[in-house]
Amino acid sequence: VAMDVTDSGSISAALDEVQARFGGVATIVVNNAGITIPKPLLDLGDDDWSKVVDTNLNGVAYVTREAARRMIDSGTGGSIVNIASILAVRDQKLLTNYAAAKAGVVQFSKTAALELAQYGIRVNALCPGYFNTEMNRAWFETEAGKVMAARIPQQRIGELVELNGPLLLLASDAGSLMPGASVVVDGGHVVSDLLTLWQCAVDQQHRIDNRERIMEALSGKTAVIVGASGEKNFGSVIARRLAQEGV
């Protein structure tokens, strides 16, 4: 069934077709439509912003609204699962439009859950981390991608099959007492340790490429590290690293 999630008329027509084909109102709805236009904020045009927000946030709201109306009219109740992202709770450059939309999905899901729980409708958000898909598979095979995966506590990206359990939990009666949840599935990415200063300087490929220039700029400088006592102290680690580079 074709549906344009940014158009309320298209959504209504699509859900009409679902009812005609399957003989009843859809009682499980998964909002998974999404796009991304990765650009620096200063380069984002109005259209770049609007396209992502219209699809990733407005589309979720419009489908949820129409599906909920039908569930209420039929008296069936149901479950609505909105696919958000760990970028709703974690940051990444070049994705201000995407991150803003996904954060909106999480908060929208909580508020919609609050309003719709009285009708037996549960609304929840699923926040996937990095998964092996056709879109990103090649990138995660690069050095920069391997560095990113190594930063995840489980030291790997996910396989799509690993979303089945969390999705089925939220969609089925197994999650019957779960309205307004946002479930993160990311291998522990959002709870990973903060990177050390030196790791932050070298973990991205473009920073690795600039390492010699950075150290050349530091050569001959005097560095004062406050709070650097103790062999394993964070400041001591930085001081030793800088000393190795002649600073």
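Residues numbered from 1 in each chain as written. Predicted model: local features only at pLDDT ≥ 70, side-chain atom pairs only at ≥ 80, totals over all residues. Heavy atoms only, no water.

Student: Would you take a moment to explain helix α2 (residues 46-74) for this structure?
Tutor: Given 3.6 residues to a turn, an α-helix orients residues that are three or four positions apart in the same direction. Helix length check: α2, at 29 residues, gives a terminal C-alpha distance of 40 Å against a target of 42 Å (1.5 Å per residue), a fit within 8%. Along α2, the largest kink reaches about 40° and is centred on D54. Note on α2: the residue one or two positions beyond its end, G75, has a positive phi of about 70°. (Helix = DSSP H or I, 4+ residues; strand = E, 2+ residues; numbered from the N terminus. Expected span 1.5 Å × (residues − 1). Bend = angle between axes of the 7 residues up to and from the residue.)

Student: Just checking my understanding: could you explain the environment of E159 for this structure?
Tutor: Structurally, E159 can be placed in the loop between α4 (143-150) and α5 (164-171). When its relative accessible area of 37% is taken as the criterion, E159 is described as partly exposed. Beyond its immediate chain neighbours, meaning those up to four positions away, E159 contacts F131 and N132. Polar contacts involving the side chain of E159 include one to the side chain of N132, which spans 3.5 Å. (Buried < 20%, exposed > 50% of the residue type's maximum accessible area, 1.4 Å probe, protein only. Contact = heavy atoms within 4.5 Å. Polar contact = N/O pair within 3.5 Å; in protein donor to acceptor, adjacent residues only side chain to side chain.)

Student: So what exactly am I meant to see when it comes to the nonpolar core here?
Tutor: Across soluble globular proteins, nonpolar side chains show a tendency to be buried alongside one another. Grouped together as the largest cluster of nonpolar side chains are 14 residues, with contacts concentrated most on V29, M71, I80, L116, I121 and V123. Going through the elements one at a time, α1 (8-22), α2, α3 (96-116) and β3 (121-128) are the ones with two or more residues in this core. Counting residues per element, this core draws most heavily on α2, which supplies four residues. Among all residues touching I80, those that are not within four sequence positions of it are V29, N31, T64, A68, M71, I121, R122, V123 and N124. (Core = buried A, V, L, I, M, F, W, Y, C linked by side-chain atoms within 4.5 Å.)

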